[in-house]
Amino acid sequence: MRGKRTKKRQRKPSQVSIRSGQVEFVKVGTDAWRWRDVYRWLLGLRWPQFAACVASLYVGLNLFFAALYSLEQGSIAGSTGGHWFFDYFFFSVQTLATVGYGHMYPQTLYGHVISTIEIMTGIFLLAAMTGLIFVRFSRPIARVVFSNSIVIAPLNGKPTLMVRIGNENQHSMVEAEFRIMFSRDEPLIEGGNFRYFYVLKLHFDRLTVFPAALTLRHTIDGKSPLVGATIESIESSRALFLVSVVGIDPVLAASVQTQKDYTWRDIQFGHRFVEIYTEHGGGHLTVDYGRLHETEPAE
């Protein structure tokens, strides 16, 4: 229409922070939040954080309904005169849990309407929390421990990068796959740097059964991107190593995955991992997980 100017609604730039290992990515200009993300956020919380969130929601919801009941004095029968708000709060607790001890009950139309709404809210809340708790308990966890450092030392006369990993489950992981991805900044002919990614070739990258602990090894030969690498060059190129393990939990028959990243600070040149296996004969081996991170100077 003439004489009217349309104003575009300006959206504030949103930011989303995602931490991947030791690196934090801040996404700018993307959708910051959606209602479906609440489910993933709740599943991602640790158990103490999840319990605190549920307790806060439960108490807050009962306070909210207690405030609604208090808008009409006398809507709940059996409440005392001096501590009416506490009576409404505990009546809300009983209603939300569908307990109903019988001492207090709604006696007006307003009280019946609010209690009906609260009962419906409690049914939905109980179903949602039951589902969340079930998923958190039933979700498989890899429980793979990674060595605190990466070591580079001669192995069979050749410089080799090594990472030690251990299965902490009380059963073997099956169809396990291992990968080490190496990334760094490299200069371009046109100027500036570009981030390159390499999948390091391992002596073995999969096992049918992964029962205890093992060492992943990458030989630094002529085809390796780590040829001639030093601690200084790794630091200046902002190099990053990402070690990942994917396998199947045979008890739950579900796929599990975990990873750990390493920077130049986590690399030890001229060191190797100490031996953690002790053979007792008859096919009996002892694995000392307490020494899984220990290293020693290589000969």
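Numbering of residues starts from 1 in every chain and runs along the sequence as written. For a predicted model such as this one, the threshold for reporting local features is a pLDDT of at least 70, and the threshold for listing and counting side-chain atom pairs is 80 or more; totals across whole chains, interfaces and linings nevertheless cover every residue. With hydrogens and water set aside, each side-chain value is computed from the structure's full complement of heavy atoms.

Re a nonpolar patch on the surface
Step number 1: Patch definition: residues with relative accessible area over 30% and no salt bridge; like charges joined within 9 Å; nonpolar side chains (Val, Leu, Ile, Met, Phe, Trp, Tyr) joined within 5 Å. Under the convention used here, a 1.4 Å probe and the Shrake-Rupley method define accessible areas, while residue burial counts only the protein chains that appear. Any Lys or Arg side-chain nitrogen located within 4 Å of an Asp or Glu carboxyl oxygen qualifies as a salt bridge. Judged by side-chain polarity, Tyr58, Val59, Leu63, Trp84 and Phe85 come together as a nonpolar surface patch covering roughly 390 Å² of accessible area.
Step number 2: Secondary structure follows DSSP: runs of H or I at least 4 residues long count as helices, runs of E at least 2 residues long count as strands, and numbering of each begins at the N terminus. The greatest single-element share of the nonpolar patch, amounting to three residues, is contributed by helix 2 (residues 47–70).
Step number 3: Relative to the helices and strands, phenylalanine 85 resides in helix 3 (residues 84–96).
Step number 4: The rule is simple: take the accessible area with a 1.4 Å probe, protein chains only, and divide by the maximum for that residue type; under 20% is buried, over 50% is exposed, in between is partly exposed. For phenylalanine 85, a relative accessible area of 30% corresponds to the partly exposed category.

With respect to the packing of helix 2 against helix 4 (residues 109–138)
In a pair of packed helices, the angle between the axes and the distance between the axes together describe the arrangement.
Step number 1: Direction vectors running N to C along helix 2 and helix 4 enclose 175 degrees, while the axes themselves pass 11 Å from each other. By the angle class used here, helix 2 and helix 4 are roughly antiparallel.
Step number 2: By residue class, the composition of the contact of helix 2 with helix 4 is 16 nonpolar, four polar and two charged. Orientation is described by axes fitted as lines to C-alpha atoms, over the contacting stretch for helices, and by angles from 0 to 180 degrees between their N-to-C directions. Each angle is binned into one of four classes, with values under 35 degrees roughly parallel, values over 145 roughly antiparallel, values of 65 to 115 roughly perpendicular, and all other values oblique. Residues are grouped as follows: nonpolar covers Ala, Val, Leu, Ile, Met, Phe, Trp, Tyr, Cys and Pro; charged covers Asp, Glu, Lys and Arg; every other residue, Gly included, is treated as polar.

With respect to the environment of leucine 207
Step number 1: The topology assignment puts leucine 207 in strand 10 (residues 206–210).
Step number 2: As a C-alpha pair, leucine 207 and methionine 173 span 34 residues in sequence and 9.1 Å in three-dimensional space.
Step number 3: Only heavy atoms matter for contacts: two residues are in contact if any of them lie within 4.5 Å across the pair. Beyond its immediate sequence surroundings of up to four residues, leucine 207 is in contact with Glu175, Ala176, Phe178 and Leu214.

Thoughts on the packing of aromatic side chains
Step number 1: Centres within 6.5 Å are what make two rings of Phe, Tyr or Trp a pair, Trp counting through its six-membered ring; a difference in plane orientation under 30 degrees is then read as stacked, over 60 as edge-to-face, and the rest as tilted. One pass over the structure, following the stated rule, counts 14 aromatic pairs.
Step number 2: Seen from their ring centres, tryptophan 84 and phenylalanine 85 are 6.1 Å apart, and the 85 degrees between their planes marks the pair as edge-to-face.
Step number 3: An aromatic cluster is defined as three or more aromatic residues linked by ring pairs; in this entry it consists of Tyr69, Trp84, Phe85, Tyr88 and Phe91.
Step number 4: We count a charge as sitting over a ring when the NZ of a lysine or the CZ of an arginine lies within 6 Å of the ring centre and within 35 degrees of the ring normal. One residue, arginine 136, lies across the ring of tryptophan 47, its end atom 4.4 Å from the ring centre.

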